[in-house]
Amino acid sequence: MSLIDHVVAVRSHGASWSTLSRFTPRTAGTTKRHHAGRGERAARPGRYGSGVSAGSRGRRAAVDVGPDDAVRGDLDPGDADPADADPGRGAPVRRADRARRTGRWWQRHPPEVDEVAVWLAVVGVGLILAAALVAAGVNLDTAAAPFAGRYRLRIGPASLLAPAVAIGVLVAARSDRLARMRWTALLAASYGAALAWALALALVDGRPGLSRPLMYPGGSLGDVAAVHGDPLGFIRTFTDRAPGYSPATRSHPPGQVLALWSLERLGLRGGTALGLALTAIGCLTVPLVVIAVRSLCHEPAARRFAPVLVLAPWAVWTAVAPDGLTATLAAAGVTIGVVGSEPGRRPWWAALSGLALGFAALCGYGVAWVGIAVIAANFVRRRPLLNLVTGAAGLLPLWLFFAWGFSWPDGLAAAGADVSGRGGGSRAWLGWAPLDVTVLAVACGPVLIRAARRWRMTPGWPFLAGAVPAVALGILTGLSRGEVERSWLPFFPWLLVAALAPCPRPPRRGDRTTAGELPTGLVAVGAAAAIIVEAVLASPW
């Protein structure tokens with residue numbers, strides 16, 4: 001009988017801890033570890049003695065747990081002590097469990113508390129820095145640093161819509177409905193919930209909230225008239241006439257203005273109708289990303305990832321935003337490419353992926369980075385030749401626009417020069433780099449901290465290979481200086497994929513059933529942050 005069986009027998013019969021000493025070898029070398037070579041751990045009587053004395057006031061001897069106390073899939077590397085690992089099973093003991101046994105009250109909390117604390121610290125430092133820069137008289141070219149727009153407080157009856165949607169989604173996520181729903185029903189429900197969440201946030205300002213962002217003087221809608229029914233002429237003269245366009249148009253390729261012009265030609269005239277259409281299109285990113293996650297990370301992770309996307313804080317800027325259309329095109333290109341890399345798929349999937357990514361790149365310069373996710377997925381699944389098809393198809397839209405007079409590299413250089421010189425040097429890199437990180441943290445919520453802790457464990461790392469370099473290089477090169485809440489919309493969903501990674505890794509390679517637990521608390525905090533931001537910020541986007 002092993003030592004662990006002796007411990008269980010003693011505890012089940014209600015015997016005192018001193019009885020354990022009769023079963024514990026007291027020879028040299030076995031006081032702290034018993035049969036360490038066999039992967040078993042003995043009691044540690046040397047810490048409090050062989051038993052509990054009368055003066056110990058209820059303190060219990062520290063006894064290691066056995067195989068039955070193995071951790072669940074939500075353990076983070078920081079929550080485990082390598083010294084407490086069971087070599088026979090590879091299951092480390094959770095630090096929180098050991099803290100409960102040893103009475104350390106400051107460690108008696110779930111890991112979500114640490115992640116929320118880190119997130120609050122990042123956001124708090126960023127907001128303090130922004131306030132310090134404003135107090136020092138630094139012109140940040142915005143009245144609501146680090147965000148674009150201005151601060152104000154608006155609370156009304158419509159403010160209750162967003163909390164109601166968030167509570168409904170969280171209640172459904174906590175139940176087992178997501179696991180029991182059919183896959184197509186889950187996709188439809190996630191899209192409907194995401195649309196309801198985005199509209200509820202926009203309606204905080206009432207009905208004008210569905211059109212006011214489009215009427216902003218610095219937005220792209222005001223430049224639709226420059227098309228004049230001649231899209232080819234607009235493309236041909238876009239770079240030369242860029243200084244006369246709005247800031248939003250100057251920082252984008254001509255595809256975004258042409259997309260708005262096309263929607264108006266389809267009959268979506270007026271701010272409200274166009275705002276509803278853009279919101280509906282932007283929310284399509286949720287089911288598209290869920291499908292892509294299912295392909296690389298398997299269905300359990302995709303099902304648990306759906307509520308994270310539905311209640312994402314970046315919905316504040318997805319609603320009534322032309323950049324939501326860009327994010328949807330990018331998500332469609334990645335999803336089609338990842339699904340098309342599955343064994344047995346025909347090459348036309350890769351061609352469709354390239355076309356979608358190419359048109360997305362004509363709506364936003366930074367979107368081209370997400371194509372790395374498709375390239376990595378093709379290599380992971382040992383279908384590298386598909387990258388040739390995707391690349392050729394992706395270059396086709398760019399070649400067409402080049403033939404019509406627009407050079408994508410020249411447009412990128414012009415946009416970078418415009419961002420650097422806008423506001424007379426007020427958008428200096430050193431000041432805006434930490435502020436952009438703050439906006440990133442607010443837009444993604446505390447789930448971003450969970451994803452950062454598990455990035456090495458996710459099978460969805462190809463998604464990170466595209467999104468992380470885009471954000472990092474945008475900051476380091478100075479191309480992203482403010483207004484990233486809209487320009488980084490195509491990257492936000494992919495940055496959170498690792499949050500549902502199983503931790504620790506499954507013991508079997510190719511495990512298709514294990515996923516990390518849904519971080520409901522982190523999602524709730526992120527939703528609350530979105531509600532607060534919408535109440536205090538009047539965003540032009």
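A brief structural summary.

Analysis parameters
- Within every chain, residues take consecutive numbers counted from 1 along the sequence as written.
- Local features in this predicted model are restricted to residues whose pLDDT is 70 or higher, and side-chain atom pairs enter the listing and the counts only when it is 80 or higher, whereas totals over whole chains, interfaces and linings include all residues.
- Water and hydrogen atoms play no part in the side-chain values, which are based on all heavy atoms of the structure.
- Starting at the N terminus, helices and strands are each numbered in turn, a helix being any DSSP run of H or I of at least four residues and a strand any DSSP run of E of at least two.
- Every residue pair with non-hydrogen atoms within 4.5 Å of one another is taken to be in contact.
- Note on areas: Shrake-Rupley with a 1.4 Å probe; residue coverage comes only from the protein chains shown.
- When a residue's accessible area, from a 1.4 Å probe over protein chains only, is under 20% of the maximum for its type it is buried; when over 50% it is exposed; and in between it is partly exposed.
- Helix span is expected to be 1.5 Å times the residue number reduced by one.
- All axes here are fitted lines through C-alpha atoms, helices being fitted over the stretch that makes contact, and every angle between N-to-C directions spans 0 to 180 degrees.
- Angles below 35 degrees are treated as roughly parallel, those above 145 as roughly antiparallel, those between 65 and 115 as roughly perpendicular, and all remaining angles as oblique.
- We call a crossing left-handed when the near helix sits turned anticlockwise from the far one by less than a right angle, and right-handed when that turn is clockwise.
- Amino acid classes used here: Ala, Val, Leu, Ile, Met, Phe, Trp, Tyr, Cys and Pro are nonpolar; Asp, Glu, Lys and Arg are charged; the rest, including Gly, are polar.
- Think of it this way: a Phe, Tyr or Trp ring, Trp meaning its six-membered ring, pairs with another when their centres are within 6.5 Å, and the plane angle makes it stacked under 30 degrees, edge-to-face over 60, tilted otherwise.
- Either the NZ atom of lysine or the CZ atom of arginine qualifies as a charge over a ring when it sits within 6 Å of the ring centre and within 35 degrees of the ring normal.
- Any pair of nitrogen or oxygen atoms within 3.5 Å is treated as a polar contact; in protein, a donor-acceptor pairing is required on top of that, and neighbouring residues in sequence qualify only through side-chain atoms on both sides.
- Definition of nonpolar core: a set of buried residues of the types Ala, Val, Leu, Ile, Met, Phe, Trp, Tyr and Cys, connected through side-chain atoms within 4.5 Å.
- We count a salt bridge whenever a side-chain nitrogen from Lys or Arg sits within 4 Å of a carboxyl oxygen from Asp or Glu.

### Examining the overall build of the protein
Alright, step 1. Counting its secondary structure elements, the protein contains 26 helices and 2 strands.
Alright, step 2. Partitioning the intrachain contacts of the protein with sequence separation of at least 6 by distance along the chain shows that 77% fall at a separation of at least 24.
Alright, step 3. Total accessible area computed for the protein in this model is approximately 24,400 Å², and 63% of it derives from carbon and sulfur atoms.

### Looking at the environment of Arg207
Alright, step 1. Among the structural elements, Arg207 can be located in the loop between helix H7 (183-202) and helix H8 (231-236).
Alright, step 2. On the basis of relative accessible area, Arg207 is assigned to the exposed category, the value being 62%.
Alright, step 3. For the pair Arg207 and Ala158, spaced 49 residues apart in sequence, the C-alpha to C-alpha distance is 9.8 Å.

### A few points about H7
Alright, step 1. Compared with an ideal rise of 1.5 Å per residue, which puts 20 residues at 28 Å, H7 spans 29 Å between its outermost C-alpha atoms and is within 8% of the ideal.
Alright, step 2. All buried positions along H7 are accounted for by Trp183, Leu186, Leu187, Ser190, Ala193, Ala194, Trp197, Ala198, Ala200, Leu201 and Ala202.

### Side note on helix H17 (residues 348-361)
Alright, step 1. A rise of 1.5 Å per residue sets the reference length of H17, with its 14 residues, at 20 Å; its end C-alpha atoms lie 20 Å apart and thus fit the reference within 8%.
Alright, step 2. Where H17 is concerned, the buried positions are Ala350, Ser353, Gly354, Ala356, Leu357, Gly358, Ala360 and Ala361.

### Examining the packing of H7 against helix H13 (residues 285-297)
In a packed pair of helices, the relevant descriptors are the angle between the two axes and the axis-to-axis distance.
Alright, step 1. Relative orientation of the contacting elements H7 and H13 amounts to 140°, with a least axis distance of 8 Å. The orientation of H7 relative to H13 falls into the category oblique. Considering only the axes of H7 and H13, their crossing is right-handed. Along its contact with H7, which presents Trp183, Leu187, Ser190, Tyr191 and Ala194, the element H13 presents Val286, Pro287, Val290, Ile291 and Arg294.
Alright, step 2. Here the residues of the contact of H7 with H13 sort into 8 nonpolar, 1 polar and 1 charged.

### Some points on the packing of H7 against helix H12 (residues 271-282)
Alright, step 1. One way to put it is that H7 packs onto H12 with a least axis distance of 9 Å and a crossing angle of 135°. With respect to H12, the axis of H7 lies oblique. You can see that H7 and H12 cross each other, and the crossing is right-handed. On H12, the residues touching Tyr191, Leu195, Ala198 and Leu199 of H7 are Leu276, Thr279 and Ala280.
Alright, step 2. Grouping the amino acids of the contact of H7 with H12 by side-chain chemistry returns 6 nonpolar, 1 polar and no charged.

### Comments concerning the packing of aromatic side chains
Alright, step 1. Enumeration according to the criterion identifies 10 aromatic pairs in this entry.
Alright, step 2. Taken together, Phe234, Phe238, Tyr245 and Phe406 form an aromatic cluster joined through their ring pairs.
Alright, step 3. The positively charged end of Arg294 is found above the aromatic ring belonging to Trp183, 4.3 Å away from the centroid.
Alright, step 4. In this structure, Arg345 packs its charged tip against the face of Trp349, placed 4.8 Å from the ring centre.

### Here we look at the side chain of Arg303
Alright, step 1. Among the secondary structure elements, Arg303 is positioned in helix H14 (residues 299-310).
Alright, step 2. Residue classification places Arg303 among the buried residues on the basis of a relative accessible area of 11%.
Alright, step 3. Within the local environment of Arg303, its side chain forms a polar contact with the side chain of Glu299, the two groups lying 2.8 Å apart.
Alright, step 4. Apart from residues no more than four positions distant in its own chain, Arg303 is found in contact with Leu178, Ala179, Met181, Arg182, Trp183 and Leu186.

### Details of the nonpolar core
Alright, step 1. In this structure, Trp197, Phe305, Leu311, Trp314, Phe463, Phe492 and Trp494 are the most contacted members of the largest nonpolar core, which totals 119 residues.
Alright, step 2. Ranked by the residues each element gives to this core, the list is headed by H7, at 10 residues.
Alright, step 3. In this structure, Leu311 is in contact with Ala166, Val169, Leu170, Trp197, Val523 and Ala527, ignoring residues within four places of it in sequence.
Alright, step 4. Core analysis: the next-biggest nonpolar cluster, separate from the first, contains 6 residues, Ala130, Leu133, Leu140 and Ala145 among them.

### Some words on the pattern of salt bridges
Alright, step 1. Considering all chains together, one arrives at 11 salt bridges under this definition.
Alright, step 2. Between Glu115 and Arg453 there is a salt bridge, with the nearest N and O atoms lying 3.0 Å from each other. Of this pair, Glu115 sits in helix H4 (residues 111-135) while Arg453 sits in helix H22 (residues 447-453), placing them 338 residues apart in sequence.
Alright, step 3. Exposure remark for Glu115: the relative accessible area of 1% places this residue in the buried category.

### Focus on the environment of Pro157
Alright, step 1. With respect to the helices and strands, the residue Pro157 is situated in the loop between strand S1 (150-151) and helix H5 (161-174).
Alright, step 2. In this structure, the C-alpha to C-alpha distance between Pro157 and Gly206, residues 49 residues apart in sequence, is 9.3 Å.

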